[in-house]
Structure formats: structure tokens, C-alpha cells
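Commentary on secondary and tertiary structure
Now for the letters of each chain:
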Amino acid sequence: MAPANSVTPSRRLRVLTVTHNYPRFIGDPAGAFVARIAEGAAAQGHEMEAVAPHAAGTPTDEVMRGVRVHRFRYAPEAFERVAYTGGLHQSTLRSPAAALAFPGFLFAFKRAVRRAVQQLQPHVIHAHWWFPGGWLAVGTRVPYLLTCHGSDVRLLERAPLRMMAAQVFRHAGRITAVSGFLAGDLKRLLADLPEDVTVTPMPIDVAAFEQGAQHRKAAPPRILYAGNLVPSKGVDVLLQAAAELRYLGVEFQLKILGEGPAERSLRSLVARLGLGSRVTWSPFVPQSEMPDEYGASTVTVLPSRGRAEGLGLTLVEALLAGSAVVGTPAGGIPEIVQHEVTGLLARDGDPTDLARQIHRLLTDVTLRDRLVRAGKEHAARVYSPDTTVARFNDIYHAIADDRRRS
């Protein structure tokens, strides 16, 4: 009889996804790219299970599109605030309630991973974010794939955390990052990185977002920001750029779609700038509604600061849905927005230049159409589920084969 962790001749693998961010319901944008990988692998015949935190109103166990999902409890429901609140790595440091719950969160997470390993006996663990997912995979005696997304790489800027991360990266069967920028940062920050870092873009539901291109554009022209409301995203710079556009007499409506700890300060800034009638607000909406949000928008903007943006998938989604895009040189954004080719880049933290680039797209139809066409072709080629899931499938098999040969 074959041992429990041997790879079957059919090449059907048991894979455990460990993540602090996984959709709480069908259409939830939280962790949608993580789920899309697991669902794609399940569609190829692998036995897929995911461990993620519980959230208010969600079941602890269910099957979502072929993936068994276990959501672990770590506090009374009213106090389960560590995840799904605008980024675990940032919100936990800012929220006293989340900070108090964090030790219990880690203990419950570790226990849930150990239980899932015992029950599933996976060939491979796919740990998303080195902390906490990768940190929890260490010691399970199961080979694991470590995928870094951005906020976890920023943690490595702190020397004590680099020491903590060393064993996570050292024991990984493979290491991937969602952009070339992040792969370079890992090599810069971890001098003894044991593996080459493979760049694995996250999968986008190309067909679904392309439907957004059929949506009628809003009038007056809509400028859209969609994402977490945290300082690193630079939404305050976008609001200042909107004030400059108003001064220039440009007709537009700015929609801020998102949630996060910076919302109160951003609303105050809107009032100080006198933009109240020009700005509308929306909480996150189901992923199924996002194609129409992008499709109705003439321009989608991601004005992130510094090195904070691992990739910027909202810009990929927007291009597929027929919206022109403006980004900054922050992080991995230039891998999507090639200036004057697939979109426009504004100087980091410069509201005047951001207003200038948005103004170009609002007023030059020829430029806008050219950039959208090229951007859509690039996005569909690089981020299609078929391409990205196949790449992860190959990595799963390589890790499982390494284990079988050892």
C-alpha cells in the first residue's frame, strides 16, 4: 500500500491552502485571487481545502466551488476583527481591539492548520503571505509553496521580522511573488534567500471583467478608486488632484469604493477641499458587481505611495472592463501600467501631475482608446486563469515530486 503522502499515478494531489484572506461568500473581493487558484486547481481534479479566519455571519465549514473551506473561530464573533478589515498587516497594528485578539488569532490559526494537516494529509501546503500563513506551515512536516503578495514583503523592512522570516523562507519548497518588483525586494531584503523567486501573477476572471466593457459610461465622466482606504494607497493625493481638476473646470464625478481605517480622515479632507458634491462613497461590493463599476468609469486610478503596492490588480480588472488607468511608479504597478502604452503614470505623491494625467485621459479620446486596447490585450494575456493556474499546478507537482524522491 502506498504511503499516505505519496503521489498517486493519476497525479491528483491533495493541497491545503493556508491564508488569512479568503472570500467570505461567493463574489466577495477579499482574497478572491487566492480562491481562484484553489478553484482552478480543484477543476483540474486536485483535492483542495482552505483554512482561513472566521468572519461574522459565515459558516465555519462549507464547500465553495469545489474547495472545502474551514474558517476557524478565535474569539466571540463581535471581537473577530483581525482579518478582513483593510489588510491584516496594517490594521492589526492600528486597532487596539485587533491587537488584543491577535495572540488568540495566531493560536487558533495554528491549531486549525494542524488539524487540517492531520485530516487531509496534504501533499502540498500553499501558504499565502509569509506571515502568518508561511510561518504556520513551518513545522507541519508538509512541503509548502510560499506566495508573497506585498504587505508581507514590507514587513521584512524591519530587521527583527527578517530574522523571524528566515526559517519560513529557508524551509519553503518553492517561493513565488506576484510581481517582479516583489521578487526583487525579497532578494534585496533576504541576503540568504535559499531559492530563486518565481514570478506568478494572480489569476483574474478575464471573461467576467470583459463584460464590463459593455456597460454605458457614467455622465459626467467617472473617476474611480477601488481598494482599501489606508494611507499607503494615496487616496488623499487623488482627492487633492480632484480639487485641481475642478479648478480647471473639468466635469467629472469621483467615486471612492472601499473601506478601511483612513475613511474618516479622507471624508474630512473632502469637506476641507469643498469636493462634497463631486465625490460619492461606496463600501466594497461583491466581485460580481465590479465589472460594471469599472465599465461605467472613464478612468480608474491607483495612486499608491512608495513601495507599498505589490502589483495592483484593480488596474488589470479595470483595463479588461474598458476603463483607462492611471497609476504611480509604486511597487509593481509599472508591470501593468506601461506609461503611454497601456496607461499613464503620475509622479508618486504629486497631486498636480496626477491631475494632469487624469485630465489627458478625460479629454483625449484617441489616446484613451489606444491605451485601453493595448492594456486589455496585455491583461488578458498575462493574467488569464488558464495561464496562472497552470503555472501553480506545475509548481504543486514539482514540490510533490521533490517530496516523493526524498
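Residues numbered from 1 in each chain as written. Predicted model: local features only at pLDDT ≥ 70, side-chain atom pairs only at ≥ 80, totals over all residues. Heavy atoms only, no water.

With that settled, the discussion passes to the sheet that holds strand 12 (residues 299–302). Sheet strands associate in pairs through backbone hydrogen bonding, adopting either a parallel or an antiparallel arrangement. Ordered by their spatial adjacency, six strands build an open sheet running 11-10-9-12-13-14, and the pairing between neighbours is parallel. Where the open sheet ends on each side, the last strands, each with one partner, are strand 11 (279–282) and strand 14 (344–345). Direction of pairing for strand 13 (residues 324–327) relative to strand 14: parallel, over a ladder of two bridges. When the sheet's bridge partners are listed, G327 is paired in strand 14 with L345. Sheet strands touched by helix 13 (residues 351–363): strand 9 (222–226), strand 12, strand 13 and strand 14. Its angle to strand 13, the strand with the most contacts, is close to 170°. (Pairing = 2+ DSSP bridges. Helix = DSSP H or I, 4+ residues; strand = E, 2+ residues; numbered from the N terminus. Contact = heavy atoms within 4.5 Å. Axes fitted to C-alpha atoms, helices over the stretch in contact; angles between N-to-C directions.)

This next bit is on the pattern of salt bridges. Going through the model one piece at a time under the given rule, you end up with 21 salt bridges. One salt bridge in this structure joins D185 and R154, with 2.4 Å as the shortest N-O distance. One end of the pair, D185, is in helix 7 (residues 180–189); the other, R154, is in helix 5 (residues 151–155), and 31 residues separate them in sequence. Summarising the burial analysis for this pair, D185 and R154 share the class buried. The network of salt bridges with common partners includes R154, E157, D185, R188 and R307. (Salt bridge = Lys/Arg side-chain N within 4 Å of Asp/Glu carboxyl O. Buried < 20%, exposed > 50% of the residue type's maximum accessible area, 1.4 Å probe, protein only.)

With that out of the way, let us pick up the pairing of strand 7 (residues 174–177). Alignment of strand 6 (residues 144–148) against strand 7, held across four bridges, turns out to be parallel. Note on strand 7: the bridge partner recorded for L145 is R174. You can see the chain leave strand 7, run along helix 7 and come back into strand 8 (residues 197–199), and the turn it takes is right-handed. (Right-handed = clockwise from strand over helix to strand, strands pointing away.)

With 18 residues, helix 14 (residues 365–382) extends 26 Å from end C-alpha to end C-alpha; this agrees with the ideal 26 Å at 1.5 Å per step. What helix 14 keeps buried is the set L367, R368, L371, V372, G375, H378 and A379. Taken end-on, helix 14 shows its buried residues confined to a sector of 135°, consistent with a single buried face. In helix 14, the exposed positions angled more than 90 degrees off the buried face are occupied by T366, R373, E377 and R381. Buried residues in helix 14 make contact with helix 12 (313–320), strand 13, strand 14 and helix 13. Of the residues that open helix 14, the one with a side-chain oxygen 3.3 Å from the backbone nitrogen of T366 is D364. (Expected span 1.5 Å × (residues − 1). Arc of directions from axis to C-beta. Polar contact = N/O pair within 3.5 Å; in protein donor to acceptor, adjacent residues only side chain to side chain.)

A few words on unusual backbone geometry. Cis peptide bonds are those with omega within 30 degrees of zero, and the linkage from F131 to P132 qualifies with 5°. Here P132 lies in helix 4 (residues 129–137). Here A219 and P220 are connected by a cis peptide whose omega angle stands at -5°. Along the chain, P220 falls in the loop between helix 8 (206–210) and strand 9. We note that W129 has phi near 70°; this positive angle belongs to a residue other than glycine.

A separate point is the sheet that holds strand 1 (residues 14–18). Across the sheet, which stays open at both edges, the eight strands sit in the order 3-4-2-1-5-6-7-8 with mixed pairing between neighbours. Two strands lie at the open edges of the sheet, namely strand 3 (61–64) and strand 8, each paired on one side alone. Within the sheet, the average angular offset between the axes of one strand and its neighbour, ignoring direction, is 25°. As defined by bridge partners, strand 1 adjoins strand 5 (residues 124–128) across four bridges and the pair is classed as parallel. Note on strand 5: the bridge partner recorded for V18 is A127. The sheet contacts of helix 4 involve strand 1, strand 5 and strand 6, and relative to strand 5 the element is tilted by about 155°. Running at roughly 170° to strand 8, helix 7 makes contact with strand 6, strand 7 and strand 8 of the sheet.

Let us look at the packing of helix 4 against helix 6 (residues 159–170). Axis separation between helix 4 and helix 6 bottoms out at 9 Å; the angle between their running directions is 50°. Classified by the interaxial angle, the pair formed by helix 4 and helix 6 is oblique. Here helix 4 and helix 6 pass one another in a crossing that is left-handed. Each of W130, F131, G134 and W135 in helix 4 lies in contact with helix 6, whose residues at this interface are L161, M164, A165, Q167, V168 and F169. When its residues are assigned to classes, the contact of helix 4 with helix 6 shows eight nonpolar, two polar and no charged. (Parallel < 35°, antiparallel > 145°, perpendicular 65-115°, else oblique. Left-handed = near helix turned anticlockwise from the far one by under 90°. Nonpolar A, V, L, I, M, F, W, Y, C, P; charged D, E, K, R; others polar.)

What follows is about helix 4. For an α-helix the count is 3.6 residues per turn, leaving residues at separations of three or four pointing the same way. Where burial is concerned, most of helix 4 is hidden: eight out of the nine residues are buried. Among all positions in helix 4, only W129, W130, F131, P132, G133, G134, L136 and A137 are buried. Residue G139 follows helix 4 closely and has a positive phi angle near 90°.

With that settled, the discussion passes to the nonpolar core. Within soluble globular proteins, side chains that are nonpolar tend to cluster in buried spots. Counting 136 residues, the largest nonpolar core has Y22, W130, F169 and L186 as the members making the most contacts within it. It is helix 3 (residues 96–120) that provides the largest number of residues to this core, a total of 11 residues. Those residues in contact with W130, other than ones at most four positions away along the chain, are W135, L146, C148, D152, L155, L156, L161, M164, A165, V168 and F169. (Core = buried A, V, L, I, M, F, W, Y, C linked by side-chain atoms within 4.5 Å.)

Let us look at the packing of aromatic side chains. Following the criterion strictly, the structure yields 12 aromatic pairs and no others. With 6.3 Å between their ring centres and 50° between their planes, F33 and W129 make a pair best called tilted. Here F33 is found in helix 1 (residues 32–43), whereas its partner W129 is found in helix 4, with 96 residues between them in sequence. Across the pair, W129 and F33 agree in class, each one buried. Here the aromatic residues F72, Y74, F102, F105, F109, W130, F131, W135 and F169 are joined through ring pairs into a cluster of three or more. Over the ring of W281 we find R267, and its NZ or CZ is 4.4 Å from the ring centre. Across from the ring centre of F252, 4.7 Å away, lies the NZ or CZ of R278, which sits over that ring. (Phe/Tyr/Trp six-rings, centres within 6.5 Å; stacked < 30°, edge-to-face > 60°. Lys NZ or Arg CZ within 6 Å of the ring centre and 35° of its normal.)

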